[in-house]
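Okay, here's what each chain looks like letter by letter:
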Amino acid sequence: MSGTLTIGNKEIFSHSDATDKVSYGTGVPAGTILQVASGRGSSARYDTTNTAFHSITSATDVATLTTKFANSKFFLTMTLSFQLNSNHQFLVDFRRVVAGVTTQNITGMSGGVTSQFGDGTQWKSISYSHLDSPNLAAGTTVSYGLSARVLGGTIYLNDFAANSLTNITVMEIKHDS
C-alpha cells in the first residue's frame, strides 16, 4: 500500500506500490546515516616502492555507492595490514573516484592520514577514519579506496598467508545544505 511517514509536517519516508520500494523523503534529519558500503581486499599480495600517492586497492577493495541526497558527508574507515622493510616509512590516505576522475589524497595532507614505520620483521595493522565533504549531486556514483606512497623501502599488503587484508567502509550521512 502506497503511503508516507510524516513527522512534524516533514516527509521522512514514502512507499510506492509501483516499485514496492521505501525511499527517504525530504524531511530526513541531518546526521542520518543513509547507506553503508564496504570493500575487503581480495587481491593478491601487493608490493610497491612508488614514492607518489597512488592506488593501493583493486576494484574489489573499494566501497562504492550512489548518493541519496546532494551535499552528503561521507564517513570513511579503513583497516590496513602491511609489512614494510627495515626502518622505512609509508604514508596512507583515502582516494575518491567520481565520474572517472580520481583524487588520490583526499585529505590534502602531505603526510596522508597516517604515517607508519616498518621494521621488516612482522605484519602490522592500522585503522583510521576521515569525514569527506565532496559536495556531490544526488544520484552521483562515488567510490572510495586507499592510496599510499613509500618514503624508502618496499611496502607489502594483503598477504593471505599472514591473514592480512585491507578493509574500507563508507557511510553516507545526510547534511543540510
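Everything numeric in this text was worked out from a predicted model, so none of it was measured.

## Points about the nonpolar core
And then number 1: Counting residues in each nonpolar core, the largest one holds 27 residues, and the members touching the most others are Phe-74, Met-78, Leu-80, Phe-90, Phe-94, Tyr-144 and Val-170.
And then number 2: At the level of secondary structure, the elements contributing two or more residues to this core comprise strand 7 (63-66), strand 8 (73-84), strand 9 (88-98), strand 13 (141-151), strand 14 (155-157) and strand 15 (167-173).
And then number 3: Residue contributions to this core peak at six residues, all from strand 8.

## Re the side chain of Gln-35
And then number 1: If you trace the backbone, Gln-35 turns up in strand 4 (residues 33-40).
And then number 2: There is a polar contact of 2.7 Å between the side chain of Gln-35 and the backbone oxygen of Thr-66.
And then number 3: A polar atom in the side chain of Gln-35 sits 2.7 Å from the side chain of Glu-172.
And then number 4: Beyond its immediate chain neighbours, meaning those up to four positions away, Gln-35 contacts Leu-65, Thr-66, Thr-67, Lys-68, Val-170, Met-171 and Glu-172.

## Examining the confidence of the model for the chain
And then number 1: On average, the chain scores 81 in pLDDT, and the residues at 70 or more come to 85%.
And then number 2: Averaged over each element, pLDDT in the chain is lowest for strand 11 (residues 114-118) (69) and highest for strand 15 (93).

## Section: unusual backbone geometry
And then number 1: Not every positive phi belongs to a glycine, and Ala-99 is a case in point at roughly 50 degrees.
And then number 2: Of note, Ala-99 is situated in the loop between strand 9 and strand 10 (101-103).
And then number 3: A positive phi is found at Asn-135, a non-glycine position, where the angle reads about 55 degrees.
And then number 4: Using a relative accessible area of 55% as the deciding quantity, one classes Asn-135 as exposed.

## Some points on the sheet that holds strand 2 (residues 10-16)
And then number 1: The antiparallel open sheet is built from three strands, whose spatial order is 1-2-3. Both outer strands of the open sheet, strand 1 (3-7) and strand 3 (21-24), are each paired with one neighbouring strand and no more. Adjacent strand axes in the sheet meet at a mean angle of 15 degrees when their direction is disregarded.
And then number 2: Inspection of the sheet shows strand 2 paired to strand 3 by four bridges, in the antiparallel sense. Each bridged residue has a counterpart across the sheet, and for Phe-13 the counterpart in strand 3 is Tyr-24.

## Quick notes on the packing of aromatic side chains
And then number 1: Enumeration over the complete set of coordinates arrives at one aromatic pair.
And then number 2: Taken together, a centroid distance of 5.8 Å and an interplanar angle of 45 degrees make the contact between Phe-74 and Tyr-144 tilted. With Phe-74 in strand 8 and Tyr-144 in strand 13, this pair connects stretches of sequence that are 70 residues apart.
And then number 3: Looking at Phe-74, the relative accessible area reads 0%, which means it is buried.
And then number 4: Note on Tyr-144: relative accessible area 0%, which makes it buried.
And then number 5: One Lys or Arg, Lys-174, reaches over the ring of Phe-69 and ends 5.0 Å from the middle of that ring.

## Details of the pairing of strand 7
And then number 1: Of the two faces of strand 7, the one holding Ala-63 and Leu-65 is buried and the one holding Thr-64 and Thr-66 is not buried anywhere.
And then number 2: Pairing geometry for strand 7 and strand 13, over four bridges, is antiparallel. Directly across from Thr-66, in strand 13, lies its bridge partner Thr-141.

Criteria and cut-off values
- Residues numbered from 1 in each chain as written.
- Predicted model: local features only at pLDDT ≥ 70, side-chain atom pairs only at ≥ 80, totals over all residues.
- Heavy atoms only, no water.
- Core = buried A, V, L, I, M, F, W, Y, C linked by side-chain atoms within 4.5 Å.
- Buried < 20%, exposed > 50% of the residue type's maximum accessible area, 1.4 Å probe, protein only.
- Helix = DSSP H or I, 4+ residues; strand = E, 2+ residues; numbered from the N terminus.
- Polar contact = N/O pair within 3.5 Å; in protein donor to acceptor, adjacent residues only side chain to side chain.
- Contact = heavy atoms within 4.5 Å.
- pLDDT = per-residue confidence, 0-100.
- Pairing = 2+ DSSP bridges.
- Axes fitted to C-alpha atoms, helices over the stretch in contact; angles between N-to-C directions.
- Phe/Tyr/Trp six-rings, centres within 6.5 Å; stacked < 30°, edge-to-face > 60°.
- Lys NZ or Arg CZ within 6 Å of the ring centre and 35° of its normal.

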